[in-house]
Amino acid sequence: MRNVSIIGVGLHPWGKFPQNTFVELGVQAVANALQDANIKWQEIQAIASGIYIWGGNAGHISGQYLAAVFGETGIPIINVYNACATGAAALRTAYMSVASGQVDVALAVGVDISPEGFLSAKSDNPRQDRDVLRWRMVGMPNPAFWALECRKRMHKYGTTAEDLARVKVILSQYGVLNPNARYRKAYTLEQVLNSPMVNDPLRLFEICATSDGAAAIIVCAADKAAQYTSQPVNIAACTMGSAIYGDPTIRISALSAPAKAEAPMLSESYSASQQAYRIAGIGPEDVDVLELPDNSSWHYLQYLETCGFCGEGQAEQMVREGQTQIGGKVAVCPSGGFSSFGEAIGAQAVWQVVEAVTQLRGQCGPRQVKNAKVAMAQTYGLMGNSATTILTV
Amino acid sequence: MDKQKIAGDKVPALPDLFQGEAGGVRLRSARCGTCGTCFFPEYHEQHRPGCSREGVEKILLNRIGKLASYTVQHYMPPPPFRTEKDITPYPIGMVEFPEGIQVVGIMVDYKEDDLVLGREVETTTFTLYRDDKGQEIVTWAFRPKAH
Ligand SMILES: [Zn+2]
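Position numbers for residues count from 1 along each chain, tracking the sequence in the order it is written. Here chains are named by letter from A upward and ligands by number from 1 upward, in the order in which they appear as written. This being a predicted model, a pLDDT of at least 70 is required before a residue's local features are given, and a value of 80 or more before pairs of side-chain atoms are given or counted; all residues contribute to the totals for chains, interfaces and linings. No hydrogens and no water enter the side-chain calculation; it runs on all heavy atoms of the structure.

Chemist: Can you explain the overall build of chain A? Please cite residues and give values.
Modeler: The helix count covers DSSP runs of H or I at least four residues long, the strand count covers runs of E at least two residues long, and both are numbered beginning at the N terminus. Along chain A, the regular secondary structure elements total 13 helices and 13 strands. Atoms counted for the radius of gyration: C-alpha only. Globule rule: 2.2 Å times residue count to the power 0.38. In terms of overall size, chain A behaves like a compact globule, its C-alpha atoms giving a radius of gyration of 20 Å where 393 residues would be expected to give roughly 21 Å. Dimensions along the principal axes, computed over C-alpha positions, put chain A at roughly 55 × 50 × 40 Å. Out of the 393 residues belonging to chain A, those deemed buried represent 61%. Here a residue-residue contact requires only that any non-hydrogen atoms of the pair lie within 4.5 Å. Sequence-distant contacts in chain A: of pairs separated by 6 or more residues, those separated by 24 or more amount to 74%. A total accessible area of about 13700 Å² is found for chain A, and carbon and sulfur atoms account for 49% of it. Only protein chains enter the area calculation, which uses a 1.4 Å probe; residues under 20% of their type maximum are buried, those over 50% are exposed, and those in between are partly exposed. Residue burial considers only the protein chains on display, and all accessible areas are found by Shrake-Rupley using a 1.4 Å probe.

This is how it looks when you write it as structure tokens:
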């Protein structure tokens, strides 16, 4: 396996763009990445593209649709789907294409334009699609699953309503400073605690929205990166994980979970992060910047433990002490997180890595983490999908 | 196992998930005779890695379980969820059964102070809506166990 560097990143800002097509958003992200890498389209030797699930046949072959705009060159185009870890699967595929030695330069891209209103079931056969059961029999949107775990955590560790609200307060102050964020307003503890209850104990401001956006990354063999950029970012690990038997977490779509834990909570994310630490030879204590999947305040707290940044039941204390803020032990989501961006299924895992790259290049202005050398992007997807990327400079 | 029967005109919104008369409603599950994994619904098999998957047996979960968690939902979910009227806010409970499995369902007939982790609950049904023939279309649900 060869060393692989990131030589270019590009985004389409997050927001709601119902008048646009996924191709339009994706093209802007790819064009920005090409420009950032100072590379010509014809030099891209492979593409891994996240499937856009709401785009019908075109969405399932999103990479072909994007490539046609720039001009078809005959290169391999692989379209991938792993729920909210889709973008990470695209990045890992591009990374593996270069690490294996098959190509020198590859592009990873993810796009999403969410449908209006709620996401809901996409089939009607419960025997093969668990999603049908949770929607028809219980009426259970994703935040209900997070709220069930959050309640358990509060019962077990004494997490308070203020602890949950504090997460939003911290993230919103970074969102204000990020020009690509959808929500750019800072909130006080009181404002968060006064936001409407959605899935008790989780309030409106403690759950991320669904957004539209696109992100692209160009990876290159490390020994050729200097041809394109003076600031290559090294990929120290790019892993994916699935769940482990006996994981007690109530997983989105499922209506049951084992009563007795035989594996860690969020075992798919535990698996991905442990693999990454081993491959990179880097531990959580070395990480300066952590982009974690803050789908809700519960996720923010739980992921600090799942990925080994603190011991069990210690996340609340770590947050209260300011250890997760810029200047603390590890800067968590200095991008503003999903809390400020919203989820864009196919794009968000690529976006997390773009934010991490921007920090390691020192380009984040007032939300820059000083002297950041190691960054980690941690992803979460429903039904046991996860990915971890560790970057160094 | 008999085809499920529900009292009166009640018809499950989807088949093979629960059965029994009012007061004796039980969730249909299955257990692997080799690795012992208990799963719900009975047709979504799950096993311990390496299991030979022999001797999977359909079982009925105990009627009574303990509340392991809950959320109170303050908005109506989108279709295909369907109820006669807006039922918000409504609690969704996660119930631990003695068979070693936790199952999620809507909670009914509760008072605020029944929503306490560890509290005993029993399985029942909840009428989502009536179809054009006037039949009650039901799902499974949990309610505090009568003292
Ligand atoms: Zn088995």
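Chemist: I'd like a description of the packing of aromatic side chains, backed by residues and values.
Modeler: All names here are of chain A. Think of it this way: a Phe, Tyr or Trp ring, Trp meaning its six-membered ring, pairs with another when their centres are within 6.5 Å, and the plane angle makes it stacked under 30 degrees, edge-to-face over 60, tilted otherwise. Throughout the structure, instances matching the rule amount to 13 aromatic pairs over all chains. Relative to Tyr380, the ring of Tyr303 lies with its centre 6.1 Å away and its plane at 80 degrees, an arrangement referred to as edge-to-face. Taken together, the positions of Tyr303 in helix α10 (residues 297-306) and Tyr380 in strand β12 (residues 374-381) put the pair 77 residues apart, joining distant regions of the chain. For the residue pair Tyr303 and Tyr380, the accessibility class agrees, reading buried in each case.

Chemist: Pulling in residues and values, what's your account of the nonpolar core?
Modeler: The term nonpolar core refers to a set of buried residues drawn from Ala, Val, Leu, Ile, Met, Phe, Trp, Tyr and Cys, joined through side-chain atoms within 4.5 Å. Counting residues in hydrophobic clusters, the biggest one holds 89 residues, and the most contacted among them are Tyr300(A), Leu304(A), Phe309(A) and Trp140(B). Per-element accounting of this core gives the leading share, six residues, to helix α6 (residues 142-157) of chain A. When residues no more than four places from it in sequence are discounted, the contact partners of Tyr300(A) are Val167(A), Ile170(A), Leu171(A), Leu292(A), Asp294(A), Val319(A), Thr324(A) and Val332(A). The next biggest cluster of nonpolar side chains, apart from the first, holds 45 residues, and it includes Ala215(A), Val233(A), Cys238(A) and Ala356(A).

Chemist: Kindly report on the coordination of the zinc ion, identifying the contributing residues and their values.
Modeler: All names here are of chain B. Distances from the zinc ion to its protein donors, Cys32 (SG), Cys35 (SG), His47 (ND1) and Cys51 (SG), fall at 2.1 to 2.3 Å. Coordinating N, O and S atoms are those within 2.8 Å of the metal (3.2 Å for Na, K and Ca), and as water is not part of the atoms, a site may appear to have fewer donors than expected. Under this scheme a four-donor centre is tetrahedral when all angles range from 85 to 135 degrees, a four-donor centre is square planar and a six-donor centre octahedral when opposite donors are above 155 degrees with the rest from 65 to 115, and any other centre is irregular. One can describe the site at the zinc ion as tetrahedral: its four donor atoms subtend angles covering 100 to 116 degrees at the metal. Between the donor residues of the zinc ion, the gaps in sequence give the motif C-x2-C-x11-H-x3-C. Cys35 sits in the buried class, given a relative accessible area of 16%.

Chemist: Quick rundown of the pattern of salt bridges? Include the residues and the values.
Modeler: Residues and elements named next belong to chain A. Any carboxyl oxygen of Asp or Glu that lies within 4 Å of a side-chain nitrogen of Lys or Arg is treated as forming a salt bridge with it. Taken as a whole and judged by the stated rule, the model has 22 salt bridges over all chains. Here Arg2 makes a salt bridge to Asp104, at a shortest N to O gap of 3.1 Å. With Arg2 in the segment before β1 (4-15) and Asp104 in the loop between α4 (86-99) and β4 (105-112), the pair connects residues that are 102 residues apart, well separated along the chain. Overall, Asp104 belongs to the partly exposed group, its relative accessible area being 21%. Residues Arg153 and Glu316 are paired through a salt bridge, measuring 2.7 Å at the closest nitrogen-oxygen approach. Highlighted residues: Arg153 in helix α6 and Glu316 in helix α11 (residues 315-320), separated in sequence by 163 residues.

Chemist: Which residues make up the state of the cysteines, and what values do they have?
Modeler: Note on terminology: pairs of cysteine sulfur atoms within 2.5 Å are recorded as disulfides. Summed over all chains, the structure comprises zero disulfides over all chains. Cys84(A) provides the cysteine sulfur closest to Cys208(A), a residue in no disulfide bond, and the two sulfurs are 8.3 Å apart.

Chemist: For the interface of chain B and chain A, give the residues involved together with the corresponding values.
Modeler: Between chain B and chain A, the contact holds 44 residues from the first and 36 residues from the second. Throughout, the accessible surface (probe 1.4 Å) given up by two parts as they are put together, summed over both, is called the buried area. Of the roughly 3600 Å² buried at the junction of chain B and chain A (both faces included), carbon and sulfur atoms supply 61%. It is Leu14(B), His44(B) and Tyr75(B) in chain B that bury the most area against chain A; as a group they hold 16% of the surface buried on that side. In this structure, the salt-bridge partner of Asp16(B) is Arg127(A), at a minimum N-O distance of 3.0 Å. Within the residue set of the side of chain B that touches chain A, elements represented by two or more residues are β6 (64-73), β7 (90-97), β8 (101-107) and β10 (136-144) of chain B. Residue classes follow a fixed rule: Ala, Val, Leu, Ile, Met, Phe, Trp, Tyr, Cys and Pro count as nonpolar, while Asp, Glu, Lys and Arg count as charged, and any other residue, Gly among them, counts as polar. Classifying every residue of the side of chain B that touches chain A by side-chain character gives 29 nonpolar, twelve polar and three charged. Summarising the sheet, strand β9 (residues 256-258) of chain A and β8(B) pair through three bridges and their orientation is antiparallel. Counterpart to Ala257(A) in the pairing with β8(B) is Gln102(B). Strand pairing requires that DSSP identify at least two bridges connecting the strands.

Chemist: Summarise helix α3 (residues 62-70) of chain A; cite the residues concerned and give the values.
Modeler: Given 3.6 residues to a turn, an α-helix orients residues that are three or four positions apart in the same direction. Residues and elements named next belong to chain A. Residues of α3 that are buried include every one of Ser62, Gly63, Leu66 and Ala67, and no others. Burial along α3 is one-sided: seen end-on, the buried residues are contained in an arc of 125 degrees. Summarising the contacts, the buried residues of α3 are in contact with α1 (22-37), β2 (47-50), α2 (56-60), β3 (77-80) and β4. Summarising the geometry, the arc corresponds to the directions from the helix axis toward the C-beta atoms.

Chemist: Which residues make up the side chain of His12(A), and what values go with them?
Modeler: Take His12(A): it is sitting in strand β1. Look past the residues within four positions of His12(A) in its chain and what remains in contact with it is Phe17(A), Leu25(A), Gln28(A), Ala29(A), Gly213(A) and Ala214(A).

Chemist: How would you explain the packing of α1(A) against α3(A) if you had to name every residue and give the values?
Modeler: All names here are of chain A. The geometry of α1 relative to α3 is characterised by a closest axis approach of 10 Å and an angle of 65 degrees between their N-to-C directions. In the packing of α1 onto α3, the handedness of the crossing is right-handed. Packed against α1, whose contacting residues are Phe22, Val23, Gly26, Val27, Val30, Ala31 and Leu34, the element α3 presents Ser62, Tyr65, Leu66, Val69 and Phe70 at the interface. Residues belonging to the contact of α1 with α3 are distributed by class as follows: ten nonpolar, two polar and no charged. For every element, the axis is a line fit to its C-alpha atoms; helices are fit only across the contacting stretch, and the angle between N-to-C directions ranges from 0 to 180 degrees. Each crossing is labelled by how the near helix is turned from the far one, with a counterclockwise turn of less than a right angle marking it left-handed and a clockwise turn marking it right-handed.

Chemist: Tell me about the sheet that holds strand β13 (residues 385-392) of chain A, residues and numbers included.
Modeler: All names here are of chain A. Spatially, ten strands are ordered β3-β2-β4-β7-β1-β8-β13-β12-β10-β11 in an open sheet, and the strand pairing comes out mixed. What marks the edges here is a single partner per strand, and that holds for β3 and β11 (331-332). Bridge count for strand β10 (residues 289-291) against β12 is three bridges, and the pairing is parallel. Its bridge partner being in β12, Leu290 is matched across the sheet by Met376. This element, helix α9 (residues 267-280), spans β8 (233-241), β12 and β13 of the sheet and lies at about 145 degrees to β8.

Chemist: Can you lay out unusual backbone geometry for me, pointing to particular residues and giving the numbers?
Modeler: As a rule of thumb, non-glycine residues mostly have phi less than zero, and peptide bonds are mostly trans rather than cis. Residue Pro79(B) is joined to Pro80(B) through a cis peptide bond whose omega torsion reads 10 degrees. Relative to the elements of secondary structure, Pro80(B) occurs in the loop between β6 and β7. Cis geometry is adopted by the peptide bond preceding Pro89(B), which originates at Thr88(B) and carries an omega value of -10 degrees. Relative to the elements of secondary structure, Pro89(B) occurs in the loop between β6 and β7. Residues other than glycine seldom take positive phi values, yet Ser253(A) does so here, at roughly 95 degrees. Note on placement: Ser253(A) falls in the loop between β8 and β9.

Read these as geometric descriptors, not functional statements.
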